[in-house]
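In case you want the letters, here they are:
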Amino acid sequence: MENDKQHIRDLVELCNVYNVAAVVLSPGSRCAPLVTTFAQHSKSKLYTIVDERAAAFFALGIAQQTEQTVALVCTSGSALLNYAPAICEAFYSQIPLLVLSTDRPPHLIDVGDGQTIRQLGVYSNFVKASLQLAIADNNLKENINIIYNALTACQNLPKGPVQLNVPLDEPLYNSVPQNASNNFQISIEENDTTELNLDNDLIEKWKKPDKVLVIVGSHSPSEKLNKILSQLSSAQNTLVLTERTANVSLANSIYNIDRFIDSLSVEERKDFMPDLIITIGGAIVSKKIKVLLRKVDEGCEHWHFGHSPISPNTFFRLTQHFKTGYLSCLSQLAQKANNNSSYQSDMLASDKAHEKRQQLFLKETKWSDLAVISLVFASLPQNAQLQLGNSTPVRYANLFSIKEKKNISVYANRGTSGIDGSISTASGAAMVNTNLTICITGDLSFFYDSNALWNKHLPENLRVIIINNSGGNIFRIIPGPDKTNELEDFFEANHNLNAKHIAKTFDVPYYFCDEFKGLEKCLPLFYESQNGKPAILEIKTPNEQSAQVLKDYFTFIKNTNG
């Protein structure tokens, strides 16, 4: 029956009401009613990306930047399974995505019809809700409530992904009415911004410890958080550790956690162990700090501040998790200073000495991943945004500071820390970010996500830097794989590939270098305008030497007599 899909027209209208930032469509027949209706009536920006995995990460990049819901539309069958890595990342990073998975009618599931799987609940472990629309228009009021619940759930704290499964019967084309229903009224509720008052017992607990350790994990740029951390660090019993993805600029803090931990003597490690651990935001990259603090004394408590959907008991000491109004809670603690301690000054003095040793080491560093990251960080243009790939890039990035005056924000997919989707995410972020967006990725991560370039919407402000060390060099760095005979064939996945012809296939300007002078000459040209196109810079580094240089770096930092 024609014009039997009023709920599809209402779905698009409600996406308009809820200010959905973008709709990312992947081609298919079953999704035709949604595609044509969004094309005709949506107020959101529409993008068409064939590869669903790339499409989902592209959508994630847009939602990461705008903090608004982004909708994904795919056909039935295995298509929606390709969304799974990005949906999982969105769940753990609290990024609002609305998956509109179109489907066959329920009576055609499991009867041998083409492109049918059990779609509802397929993401059940990592979405806030799995909902399904009724197929008949006599359920119109029920469908409107389901759509409302889906859109609301995306934005309610903690934000996150929601699946809305949409069964559609034929005809699929020219079957949606032109006008939305006139019998629904929706009032959008603001997220709860209530400022909470901390319990007096908690404030008393906060004032007692001589050693409070504050660790800031992944966090979007926040002036309010910077101000609170500045207040916290004014107390001498409080030491603040930050990572690049924390987007924090603070004078009295330690940014290079791994260097700091590795440089401590046995006695200094005992002095470092805190009485209270405070963690803020999302995932912490440093494995060294996790391993060390899991050995802390039983009396040490851990308080977490952040909108995590789960309580991150990272050090197996978690006693408090502040979600709604967590910055307000932190602000109250920051006003209760304890200066009867030398904890902060002692630790900062130790770190400063090893910062100087890092500079000495870098002056003599051979061509390697470490040297490349150092040069790239020094070259970053003003107001650029960094999107870091996982495995080695995000770890190397934590070894270096970024000058505050450059005003550079840093992001990475650290919800699940997968290597998939880093270029697609950066592409989506660049689409809504007017500044230069620079994605630093490893070679395996690039090849894994090379379909990110199969995107007619690729923004001209996107720059992709590939550090190609011929495989997964992370396995030469972490303990274990380098001691096996299977390192090169099965862990590192050694290869001789390069990105030149992939860049040519997708008509993306390509640069290559494999030594210091070439890189120094290339970087300024790479950052310049590319006549309306993005660009790729591939930097070839030696795998064995890169791993050895990093090991030598930590050895040099530890050996203060050297």
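Structure: see above.
The structure reproduced in this document is the subject of the present report. Computed from a predicted model, the values in this text were never measured in an experiment. (Residues numbered from 1 in each chain as written. Predicted model: local features only at pLDDT ≥ 70, side-chain atom pairs only at ≥ 80, totals over all residues. Heavy atoms only, no water.)

## Things to note about the overall build of the chain
Reasoning step 1: A tally of helices and strands in the chain yields 21 helices and 18 strands.
Reasoning step 2: Out of the 562 residues belonging to the chain, those deemed buried represent 57%.
Reasoning step 3: Contacts in the chain between residues far apart in sequence, at least 24 positions, make up 78% of those at least 6 positions apart.
Reasoning step 4: If you average the places of the 51 positive and of the 57 negative side-chain charges in the chain, the two averages end up 5 Å apart. (Helix = DSSP H or I, 4+ residues; strand = E, 2+ residues; numbered from the N terminus. Buried < 20%, exposed > 50% of the residue type's maximum accessible area, 1.4 Å probe, protein only. Contact = heavy atoms within 4.5 Å. Lys, Arg positive; Asp, Glu negative; His and termini not counted. Charge placed at Lys NZ, Arg CZ, Asp CG, Glu CD.)

## A look at the sheet that holds strand β11 (residues 301-305)
Within a sheet, neighbouring strands are paired by backbone hydrogen bonds and run either parallel or antiparallel to one another.
Reasoning step 1: Spatially, six strands are ordered β9-β8-β7-β10-β11-β12 in an open sheet, and the strand pairing comes out parallel. What marks the edges here is a single partner per strand, and that holds for β9 (253-254) and β12 (318-322).
Reasoning step 2: In this structure, β11 lies alongside β12, joined through four bridges in parallel fashion. For Phe305, the partnering residue across the bridge sits in β12 and is Phe322.
Reasoning step 3: Packed onto the sheet, helix α6 (residues 200-207) meets β7 (212-216), β10 (276-280), β11 and β12 and runs at close to 115° relative to β11. (Pairing = 2+ DSSP bridges. Axes fitted to C-alpha atoms, helices over the stretch in contact; angles between N-to-C directions.)

## Points about helix α4 (residues 84-93)
Reasoning step 1: Listed in full, the buried residues belonging to α4 are Ala86, Ile87, Cys88, Glu89, Ala90 and Phe91.
Reasoning step 2: Check the buried side of α4 and you find it contacts α3 (52-66), β3 (70-74) and β4 (97-103).

## Observations concerning the packing of helix α13 (residues 369-379) against helix α20 (residues 516-527)
Reasoning step 1: α20 packs onto α13 with a crossing angle of 35° between their chain directions and a minimal axis gap of 11 Å. The chirality of how α13 crosses α20 is right-handed. Residue-level inspection shows Ala371, Val372, Leu375, Val376 and Ser379 of α13 in contact with α20, the latter providing Phe516, Leu519, Glu520, Leu523 and Tyr527. (Left-handed = near helix turned anticlockwise from the far one by under 90°.)

## Points about the pairing of strand β16 (residues 462-468)
Consecutive side chains along a regular strand alternate between the two faces of the sheet.
Reasoning step 1: Of all seven residues making up β16, seven are buried, and the element is well covered by its neighbours.
Reasoning step 2: Burial along β16 is two-sided: the residues Leu462, Val464, Ile466 and Asn468 and Arg463, Ile465 and Ile467 are all buried.
Reasoning step 3: In this structure, strand β15 (residues 437-442) lies alongside β16, joined through six bridges in parallel fashion. Counterpart to Cys439 in the pairing with β16 is Val464.
Reasoning step 4: With respect to chirality, the unit in which β15 leads through helix α16 (residues 443-448) into the neighbouring parallel β16 is right-handed.
Reasoning step 5: Pairing of β16 with strand β18 (residues 535-540) involves six bridges; the strand directions are parallel. (Right-handed = clockwise from strand over helix to strand, strands pointing away.)

Remember that the coordinates give geometry; whether it matters functionally is a separate question.
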